[in-house]
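Okay, here's what each chain looks like letter by letter:
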Amino acid sequence: METRAYRDRRTFLIRFATGEDLLESLEAVCRREGVSCGTVTLIGSVSTAVLGYYHQESCRYETFAVDEPLEIAAGIGNVSARLGAPFCHVHLVLSDARGQARGGHLMPGTIVFAAEAQLRELRGEAPERVPDELTGLNLWHWEADDGSRGGG
Ligand code: ZN
């Protein structure tokens, strides 16, 4: 395990427009504002969703569409850097008219009906997403050793 300490910088409130792609719009805000380190929470509703599930044994994402209006019962994620650009990693729990939930990794193709986010920018070294051999995922890596870790 690695840990880094951060301080709060700016906090943005975002109201997404109807018809926007949720993930693309969130990343567009991060690019425009130069945010490559932060956390995200969001609520609202979507007209259709595309979510991902990562198969740990085959190391690949399976995506599935949920083609119906859904509430965003919970949305949570983070912003880091990948290949020099802001990268948003967001998970959603979506609920239908009966309150039944589906959830997963937010993928492009999830279309906003109405949604609101809080984006908190953090001050400190942005973690960079780099390929991880063990999991097959792009996981956080810090270049600088801030001295907060123990040996090894
Ligand atoms: Zn994920």
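First, a word on what this report is: a plain description of the structure on this page.

About the thresholds
Residues numbered from 1 in each chain as written. Predicted model: local features only at pLDDT ≥ 70, side-chain atom pairs only at ≥ 80, totals over all residues. Heavy atoms only, no water. Helix = DSSP H or I, 4+ residues; strand = E, 2+ residues; numbered from the N terminus. Rg over C-alpha atoms; globule rule 2.2 N^0.38 Å. Buried < 20%, exposed > 50% of the residue type's maximum accessible area, 1.4 Å probe, protein only. Donors = N, O, S within 2.8 Å, 3.2 Å for Na, K, Ca; no water. Polar contact = N/O pair within 3.5 Å; in protein donor to acceptor, adjacent residues only side chain to side chain. Contact = heavy atoms within 4.5 Å. Core = buried A, V, L, I, M, F, W, Y, C linked by side-chain atoms within 4.5 Å. Salt bridge = Lys/Arg side-chain N within 4 Å of Asp/Glu carboxyl O.

## Some words on the overall build of the protein
Piece 1. Looking only at helices and strands, one finds 1 helix and 9 strands in the protein.
Piece 2. Relative to a compact globule of 152 residues, whose C-alpha radius of gyration would be 15 Å, the protein shows 16 Å and is just as compact.
Piece 3. Along the first, second and third principal axes, the C-alpha set of the protein runs to 50 × 40 × 25 Å.
Piece 4. Every one of the 152 residues in the protein was classed for burial, and the buried ones make up 37%.

## Brief notes about the coordination of the zinc ion
Tetrahedral coordination by four donors places them ideally at 109.5 degrees to one another around the metal; octahedral coordination by six donors ideally gives 90 or 180 degrees.
Piece 1. Around the zinc ion, the protein contributes the donor atoms His89 (NE2), His91 (NE2) and His105 (ND1), which lie 2.1 Å from the metal centre.
Piece 2. Here histidine 91 falls in the partly exposed class, since its relative accessible area comes to 41%.

## Points about the environment of serine 58
Piece 1. By the secondary structure assignment, serine 58 is in the loop between strand S2 (38-55) and strand S3 (60-66).
Piece 2. Overall, the relative accessible area of 37% leaves serine 58 in the partly exposed class.
Piece 3. For the pair serine 58 and glutamate 20, spaced 38 residues apart in sequence, the C-alpha separation works out to 32 Å.

## A word on the side chain of histidine 105
Piece 1. With respect to the helices and strands, histidine 105 occurs in strand S6 (residues 101-106).
Piece 2. Assessed through its relative accessible area of 12%, histidine 105 is described here as buried.
Piece 3. At a separation of 3.3 Å, a polar atom in the side chain of histidine 105 contacts the side chain of histidine 89.
Piece 4. If near-sequence neighbours (up to four positions away) are discounted, histidine 105 is found in contact with Val50, Leu51, Gly52, Tyr61, His89, Val90 and His91.

## Examining the nonpolar core
Piece 1. Formed by 27 residues in total, the largest nonpolar core has its most connected members in Leu92 and Leu119.
Piece 2. Put simply, the parts of the chain that give this core at least two residues each are strand S1 (7-16), helix H1 (22-33), S2, strand S4 (70-82), strand S5 (85-95) and strand S7 (111-123).

## Observations concerning the environment of aspartate 67
Piece 1. With respect to the helices, strands and loops of the structure, aspartate 67 is situated in the loop between S3 and S4.
Piece 2. A sequence separation of 21 residues divides aspartate 67 from valine 46, and the C-alpha atoms of the two residues are 9.6 Å apart.
Piece 3. In terms of polar contacts, aspartate 67 uses its side chain to reach the side chain of threonine 48, at 3.1 Å.

## Thoughts on the pattern of salt bridges
Close approach of charged atoms allows side chains with opposite charge to pair.
Piece 1. Taken as a whole and assessed by the stated rule, the structure comprises 9 salt bridges.
Piece 2. Glutamate 2 is the salt-bridge partner of arginine 4, the closest N and O atoms lying 3.7 Å from each other.
Piece 3. The residue arginine 32 makes a salt bridge to glutamate 33 at a minimum N-O spacing of 3.6 Å.
Piece 4. Residues joined in a network through salt bridges with shared partners are Arg9, Arg10, Arg32, Glu33 and Glu121.

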